[in-house]
Amino acid sequence: MHKTIVVAAAVILSSTGVCLAQPQGITREMIARALPLEGAPKAEPGPYQVTSEPAFGSSGLHLYRPAALDAFSTKDGLPVMVWGNGGCAIDSTHFSGFLTTIASHGILVVGTVPQEGAAARQETADDMRAAIDWAGKENGRAGSPLIGKIAMDKVAVMGTSCGGFLSLALGADPRVKTIGVFNSGVQTPPAGQTQGKGGPSPQPTADALPKLHGPVLLLNGGEPDFLMGASAATFEAINHVPAFYGARHNAGHSATYFHPGGGEFANVASNWLLWTFKGDKEAGKMFVGKDCSLCTNSNWDVKSKGINK
């Protein structure tokens, strides 16, 4: 099994919610490094206008969803994507552009937000698990605009940096069919340190990987991304489920999340969900075969396992 790199345990938050996990020698500038906006691919929104609103009956959750729901039914429901924020920040609104683009493709996106009057804290795997629970209840709640319109057999968790740690942790949940681990990966704890359970900043080890039971999308920001090594090692260690690895040259740890609409990373995440959950062959061309669009894109280094149709 490929050995992961060691990262420090400390995680703090920036004003944008980016993960500020700072191993020795890692600076804030390295953490904030993003793909330059000029000349970068733009976000490609889907066909649906999006509404952003608090989750009914759950003050710690926030939704991004198609505003018009007539197109969705029990036979063709909204897939669900639960998002894990950078820095395990509690406030998903920092990623609103990125999440809105994904929702515009016909996805129900659920993120966390601070609860009024509550003590400041970080997002946990339990928060994301509660988001899945909420979607299941809302799908059956009388009077809900989403009643019968949520595809609970099509649940994804995705997250960046510390939020990617949470996605790995939630990948064991039997309801989760695919995960996205962005600018993140499994960790090797420092010598003598035991892996904690729960807490605001879980750092999953390779022990989490055999518990995954669906396709895994791993993205990072290339050489400037200090967790590129962990992302690559995680891909190498996955051998029992399909996995796709993409390193975007010069994107850095913050990649394109704060470009308008989330930029290029929003397009990749959206196409993964469309292909995985809706069988969209056009979206699948980004990942499938040696001539996939990311495979032939000189801005990306990619590898895949089990991605053959």
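Above: the structure in question.
On a predicted model such as this, the values are computed, not experimentally measured, just so you know.

Quick notes on the rules
- Residues numbered from 1 in each chain as written.
- Predicted model: local features only at pLDDT ≥ 70, side-chain atom pairs only at ≥ 80, totals over all residues.
- Heavy atoms only, no water.
- Pairing = 2+ DSSP bridges.
- Helix = DSSP H or I, 4+ residues; strand = E, 2+ residues; numbered from the N terminus.
- Axes fitted to C-alpha atoms, helices over the stretch in contact; angles between N-to-C directions.
- Contact = heavy atoms within 4.5 Å.
- Disulfide = S-S within 2.5 Å.
- Buried < 20%, exposed > 50% of the residue type's maximum accessible area, 1.4 Å probe, protein only.
- Parallel < 35°, antiparallel > 145°, perpendicular 65-115°, else oblique.
- Left-handed = near helix turned anticlockwise from the far one by under 90°.
- Nonpolar A, V, L, I, M, F, W, Y, C, P; charged D, E, K, R; others polar.

## Some words on the sheet that holds strand β11 (residues 300-305)
Logical step 1: Taken in spatial order, the nine strands make up an open sheet running β3-β4-β6-β5-β7-β8-β9-β10-β11, and their pairing is mixed. Either end of the sheet is taken by a strand with one partner, and the two such strands are β3 (50-55) and β11. Strand-to-strand twist of the sheet, defined as the mean angle between neighbouring strand axes without regard to direction, takes the value 20°.
Logical step 2: With four bridges joining them, strand β4 (residues 58-66) and strand β6 (residues 108-112) adopt antiparallel strand pairing. By the bridge assignment, Leu61 is partnered in β6 with Thr112.
Logical step 3: In this fold helix α4 (residues 162-170) packs onto β5 (78-84), β7 (150-160) and β8 (176-182), with an angle of close to 140° to the strand it touches most, β7.
Logical step 4: Along the sheet, helix α5 (residues 228-237) makes contact with β9 (216-220), β10 (243-248) and β11, crossing β10 at roughly 160°.

## Some points on the state of the cysteines
Here a disulfide denotes a covalent bond joining the sulfur atom of one cysteine to the sulfur atom of another.
Logical step 1: Taken as a whole and judged by the stated rule, the model has two disulfides.
Logical step 2: Residue Cys88 pairs covalently with Cys162 via a disulfide, S to S 2.0 Å. Between Cys88 and Cys162, the S-S dihedral sits near -80°, and the bridge is therefore left-handed. Of this pair, Cys88 sits in the loop between β5 and α2 (96-103) while Cys162 is found in helix α4, placing the two residues 74 residues apart along the sequence. One exposure class covers both Cys88 and Cys162, and it is buried.
Logical step 3: Disulfide pairing is shown between Cys292 and Cys295; the S-S distance is 1.9 Å. Sign of the S-S torsion, about 90° for the bond between Cys292 and Cys295, identifies this disulfide as right-handed.

## Some words on the packing of helix α3 (residues 125-138) against α4
Logical step 1: Between α3 and α4, the shortest axis-to-axis distance is 9 Å and the interhelical angle comes to 60°. Here α4 runs oblique to α3, going by the angle between their axes. For the pair α3 and α4, the crossing hand works out as right-handed. Residues Ala125, Met128, Arg129 and Ile132 of α3 touch α4, and the partners they reach there are Leu166, Ser167, Ala169 and Leu170.
Logical step 2: A class-by-class count of the residues in the contact of α3 with α4 yields six nonpolar, one polar and one charged.

## Considerations on the packing of α2 against helix α6 (residues 263-278)
A packed helix pair is summarised by two numbers, namely the angle formed by the two axes and the spacing between the axes.
Logical step 1: Two numbers describe how α2 lies on α6: the axes approach to 9 Å, and their chain directions differ by 35°. For the element pair α2 and α6, the recorded crossing hand is right-handed. Taking contact as the criterion, the partners of Phe98, Thr101 and Ile102 in α2 are, on α6, Phe265, Ala266, Ala269, Ser270 and Leu273.

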